[in-house]
Amino acid sequence: DQQVKQNSPSLSVQEGRISILNCDYTNSMFDYFLWYKKYPAEGPTFLISISSIKDKNEDGRFTVFLNKSAKHLSLHIVPSQPGDSAVYFCAAYSSGAGSYQLTFGKGTKLSVIP
Amino acid sequence: SAVISQKPSRDICQRGTSLTIQCQVDSQVTMMFWYRQQPGQSLTLIATANQGSEATYESGFVIDKFPISRPNLTFSTLTVSNMSPEDSSIYLCSVASGNYNEQFFGPGTRLTVL
């Protein structure tokens, strides 16, 4: 059973427009959520995170929104740039579990078209 | 964030052999993690490695198949034993930030088993 789901395997966006990547989760114990970006032949790079006590966190062009009631989060990239083309992973963990185990989605491949 | 290196970056191995993957961090960290990413799948935690104690394995992973060493606070190894083609994956190590809210990943080791 996949506890973190990224239902769109790929997304194409024009340069300068907004990219919206979505993520759903089923485990109500998750209280911390992270987004990672991964280029080919590299490890995932941490992008931005959000705690369940917030509904929005912003860092430059990247904003993550959390809707706890819907168990849904999204990553907004504005404006999108060709260098943003990568696979984006959503991850979650339960701080109460004490294990710091991250549960990942399968990723969404973002292509930003110049 | 920590700088993490892994060796080898990739390898092609024969069925039945074993491969040891090294992970080096540029700072002392308490917790190190080993993940596997099978083709087309999300990252899955294999085990958590703390210095001075035995690794904690996740469901579906056993010490005989994936022995781990953690001799000090900057280094760990993961061995993939008695390999089969199903072990073909990217293996990644990661470390937690000081407040454990983020994890930072190494570049990964791409393993192909023939």
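Refer to the structure presented above.
Quantities reported herein were computed from a predicted structural model and do not represent experimental measurements.

What counts and how
- The numbering scheme is per chain: residues are counted from 1 as the chain's sequence reads.
- Going through the entries in the order they are written, you letter the chains from A and number the ligands from 1.
- Per-residue local features are limited, in this predicted model, to residues with pLDDT of at least 70; the limit for side-chain atom pairs, both in listing and counting, is 80 or more; totals at the level of whole chains, interfaces and linings are taken over all residues.
- Values shown for side chains rest on all heavy atoms present in the structure; no hydrogens or waters enter the calculation.
- Points on a 1 Å grid over protein atoms alone make up a cavity when a 1.4 Å probe fits among them but cannot get out, and a pocket when they form an open set with protein on both sides within 12 Å along at least five of seven lines; lining residues each have an atom within 4 Å of a point.
- Grid points are joined across faces, edges and corners, and a volume is the space filled by probe spheres set on the points.
- Here a strand is any run of E in DSSP of at least two residues, a helix any run of H or I of at least four, and the numbering for each starts at the N terminus.
- When residues are sorted by character, Ala, Val, Leu, Ile, Met, Phe, Trp, Tyr, Cys and Pro go into the nonpolar class, Asp, Glu, Lys and Arg into the charged class, and all the rest, Gly among them, into the polar class.
- To sort residues, take the accessible area from a 1.4 Å probe on protein chains only and compare it with the maximum for the residue type: under 20% means buried, over 50% means exposed, and anything in between is partly exposed.
- We treat two strands as partners when DSSP finds at least two bridges between them.
- Under this definition, polar contacts are N or O atom pairs within 3.5 Å; protein pairs additionally need one hydrogen-donor-capable and one acceptor-capable atom, and for neighbouring residues in sequence, both atoms have to be side-chain atoms.
- Only heavy atoms matter for contacts: two residues are in contact if any of them lie within 4.5 Å across the pair.
- The axes are straight lines fitted to the C-alpha atoms, using for helices just the contacting stretch, and the angles between their N-to-C directions are given from 0 to 180°.
- Pairs of cysteine sulfur atoms within 2.5 Å are what we label disulfides.
- Aromatic rings from Phe, Tyr and Trp, with only the six-membered ring used for Trp, were paired whenever their centres fell within 6.5 Å, and each pair was classed as stacked if the ring planes differed by under 30 degrees, edge-to-face if by over 60, and tilted otherwise.

(A) A look at the layout of surface pockets. Space inside the largest pocket adds up to approximately 470 Å³. Around the largest pocket, the lining comprises 25 residues; the ones closest to its centre are A:Gln3, A:Gln101, A:Leu102, A:Thr103 and B:Thr44. Those elements that provide at least two residues to the lining of the largest pocket are strand 10 (103–104) of chain A together with strand 5 (43–50) of chain B. Sort the elements by how many residues they give to the lining of the largest pocket and strand 5 of chain B lands first, with 3 residues. Of the residues in the lining of the largest pocket, the class split is 9 nonpolar, 12 polar and 4 charged. For the second largest pocket, the calculated volume is near 360 Å³. Along its surface, the second largest pocket is lined by 22 residues, and A:Lys38, B:Gln37, B:Gly40, B:Ile90 and B:Arg110 are the ones closest to its centre. Taken together, the elements giving at least two residues each to the lining of the second largest pocket come down to strand 9 (86–93) and strand 11 (108–113) of chain A together with strand 9 (89–96) and strand 11 (109–113) of chain B. Its residues placed into classes, the lining of the second largest pocket shows 10 nonpolar, 8 polar and 4 charged.

(B) Representation of the pairing of strand 8 (residues 75–80) of chain B. All names here are of chain B. Among the 6 residues in strand 8, 6 count as buried, and that is most of the element. Burial along strand 8 is two-sided: the residues Phe75, Thr77 and Thr79 and Ser76, Leu78 and Val80 are all buried. As paired strands, strand 3 (residues 19–25) and strand 8 are joined by 6 bridges and run antiparallel to one another. Bridged to Gln24 within strand 8 is Phe75. Bridging between strand 7 (residues 68–72) and strand 8 involves 3 bridges; their strand directions are antiparallel. Bridged to Asn72 within strand 8 is Phe75.

(C) Focus on the side chain of B:Ser84. All names here are of chain B. Along the chain, Ser84 turns up in the loop between strand 8 and strand 9. A polar side-chain atom of Ser84 sits 2.9 Å from a polar atom in the side chain of Glu86. Once residues lying within four places of it in the same chain are set aside, the contact partners of Ser84 are Arg15, Lys65 and Val113.

(D) Quick peek at the sheet that holds strand 7 of chain B. All names here are of chain B. Read from one edge of the open sheet, 4 strands run 1-3-8-7, paired in antiparallel fashion. Of all the strands in the sheet, the pair left with one neighbour each is strand 1 (4–7) and strand 7. Put simply, the sheet's adjacent strands are angled 15° from each other on average, direction ignored.

(E) Geometry of the state of the cysteines. Residues and elements named next belong to chain B. Under the definition given, this model contains 2 disulfides over all chains. Each sulfur in the disulfide pair Cys23 and Cys93 lies 1.9 Å from the other. With the S-S bond torsion at 70°, the cross-link from Cys23 to Cys93 turns out right-handed. You can see Cys23 sitting in strand 3 and its partner Cys93 sitting in strand 9, a full 70 residues away along the chain.

(F) Highlighting the packing of aromatic side chains. Under the counting rule described, the total for this entry stands at 13 aromatic pairs over all chains. Consider the rings of A:Tyr36 and A:Phe104, whose centres lie 5.7 Å apart with planes at 50°: the pair is tilted. Of the two residues, A:Tyr36 sits in strand 4 (residues 32–38) while A:Phe104 sits in strand 10, which places them 68 residues apart along the sequence. Taken individually, A:Tyr36 and A:Phe104 each receive the classification buried, so the pair is uniform in this respect. Judged by centre distance (5.6 Å) and plane angle (65°), the rings of B:Phe61 and B:Phe66 are edge-to-face. Judged by its relative accessible area of 8%, B:Phe61 falls in the buried class. For B:Phe66, a relative accessible area of 4% puts it in the buried group. Aromatic rings pair up to connect A:Tyr36, A:Phe46, A:Phe89, A:Phe104, B:Tyr35, B:Phe104 and B:Phe105 into one cluster.

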